[in-house]
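# Overview (structure and organization)
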Amino acid sequence: MLKGIPKELSPELLKILSEMGHGDEIVIADGNFPAENLGRRVVRADGHGGIKMLDAILSVIPLDTYAEENFILMQVVPGDNVKPTIWEDYRKTAKEKAPEVKEGQLERFSFYDRAKNAYAIVATGESAIYANIILKKGVIK
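Definitions and limits used
- Residues numbered from 1 in each chain as written.
- Predicted model: local features only at pLDDT ≥ 70, side-chain atom pairs only at ≥ 80, totals over all residues.
- Heavy atoms only, no water.
- Patch = residues over 30% accessible without salt bridge, like charges linked within 9 Å, V, L, I, M, F, W, Y side chains within 5 Å.
- Areas by Shrake-Rupley, 256 points an atom, 1.4 Å probe, with all protein chains shown as cover.
- Salt bridge = Lys/Arg side-chain N within 4 Å of Asp/Glu carboxyl O.
- Helix = DSSP H or I, 4+ residues; strand = E, 2+ residues; numbered from the N terminus.
- Pairing = 2+ DSSP bridges.
- Axes fitted to C-alpha atoms, helices over the stretch in contact; angles between N-to-C directions.
- Contact = heavy atoms within 4.5 Å.
- 1 Å grid on protein atoms, 1.4 Å probe; cavity = no way out; pocket = protein on both sides within 12 Å on 5 of 7 lines; lining within 4 Å.
- Points joined across faces, edges and corners; volume = space filled by probe spheres on them.
- Core = buried A, V, L, I, M, F, W, Y, C linked by side-chain atoms within 4.5 Å.
- Buried < 20%, exposed > 50% of the residue type's maximum accessible area, 1.4 Å probe, protein only.
- Polar contact = N/O pair within 3.5 Å; in protein donor to acceptor, adjacent residues only side chain to side chain.

## Observations concerning a nonpolar patch on the surface
Among the surface-exposed residues, Leu 2, Ile 5 and Val 60 lie close enough to one another that they form a single nonpolar patch of about 230 Å² accessible area. Mapped onto the secondary structure, Val 60 falls in the loop between α3 (50–58) and β3 (71–74).

## Brief notes about the sheet that holds strand β1 (residues 25–29)
By way of backbone hydrogen bonds, the strands of a sheet pair with one another, either parallel or antiparallel. Judged by pairing direction, the sheet is mixed, and its six strands sit side by side in the order β2-β5-β1-β6-β3-β4 without closing on themselves. Each edge of the open sheet is held by one strand with a lone partner, namely β2 (42–45) and β4 (103–106). Direction aside, neighbouring strands of the sheet carry axes that sit 20° apart on average. Judged from the three bridges that link them, β3 and strand β6 (residues 133–136) form a sheet pairing that is antiparallel. Paired with Leu 73 across the two strands is Ile 133, which belongs to β6. Strand contacts of helix α1 (residues 11–19): β1, β2 and β5 (120–124), with the helix running at about 140° to β2, the strand carrying the most contacts. Along the sheet face, helix α4 (residues 86–97) touches β3, β4 and β6 and points at about 175° away from the line of β3.

## Focus on the layout of surface pockets
Here the largest pocket is characterised by a volume of approximately 190 Å³. Every residue along the wall of the largest pocket is listed here: Met 1, Leu 2, Ile 5, Pro 6, Lys 7, Leu 9, Pro 11 and Leu 14. Taken as a whole, the second largest pocket encloses approximately 160 Å³ of empty space.

## Observations regarding the nonpolar core
With 46 residues, the main nonpolar core has Leu 13, Ile 26, Val 27, Phe 33, Ile 57 and Leu 135 as its most contacted residues. Ranked by residue count, the leading element in this core is α3, at five residues. Ile 26 has contacts with Leu 13, Ile 16, Leu 17, Met 20, Ala 120, Val 122, Ile 133, Ile 134 and Leu 135, leaving out every residue within four places of it along the chain.

## Things to note about the environment of Arg 44
Tracing the backbone shows Arg 44 in strand β2. What makes Arg 44 partly exposed here is its relative accessible area of 44%. In this structure the side chain of Arg 44 is engaged in a polar contact, spanning 3.2 Å, whose partner is the side chain of Glu 36. A polar atom in the side chain of Arg 44 sits 2.6 Å from the side chain of Asp 46.

## A look at the side chain of Glu 25
Checked against the element boundaries, Glu 25 lands in strand β1. Here Glu 25 falls in the buried class, since its relative accessible area comes to 10%. A polar atom in the side chain of Glu 25 sits 3.1 Å from the side chain of Lys 136. When neighbours within four sequence positions are excluded, Glu 25 is seen to be in contact with Met 20, Arg 114, Ala 118, Tyr 119, Ala 120, Ile 134, Leu 135 and Lys 136.

## Thoughts on unusual backbone geometry
For Tyr 130, which is not glycine, the phi dihedral falls at a positive 55°. Looking at the element boundaries, Tyr 130 is found in the loop between β5 and β6.

## Quick look at the pattern of salt bridges
A full pass over the atoms with the stated rule returns 10 salt bridges. Notably, a salt bridge pairs Arg 44 with Glu 36, separated by 3.2 Å at the nearest N-O pair. Between Lys 97 and Asp 55 there is a salt bridge, and its shortest N-O distance comes to 3.8 Å. Of this pair, Lys 97 sits in helix α4 while Asp 55 is found in helix α3, placing the two residues 42 residues apart along the sequence. Accessibility expressed as a relative area gives 36% for Lys 97, which makes it partly exposed.

Coordinates in, geometry out; function isn't part of it.
Here's what the structure looks like:
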């Protein structure tokens, strides 16, 4: 065990976050996301929710200040009459942990394509729908 490390960050996930470089991306995926199908590296975090995972990851990595978008949500599919209530919690958590947050959104299949190129996907047990985020890692100054 380590002091000051959130319990959501497993040894495997800490290693991946350490390996990532400037501009690399990581996906925090909800329980419905096809992580194993899309990911080059998948870290299972089934017992954890998206908000806690976002908070934990942003406690150890910065977001890319040079990118146009460094916090990317999956858009709601047209015709899907839902409003993802988790997004406000994600935004609040991100702003508290990373004031440099720059939000963007991607259409579902564009999000999947981008996830295929992500450094890793963290497959959480989050049950809220549209609770998927891509984070772009920045530099520590």
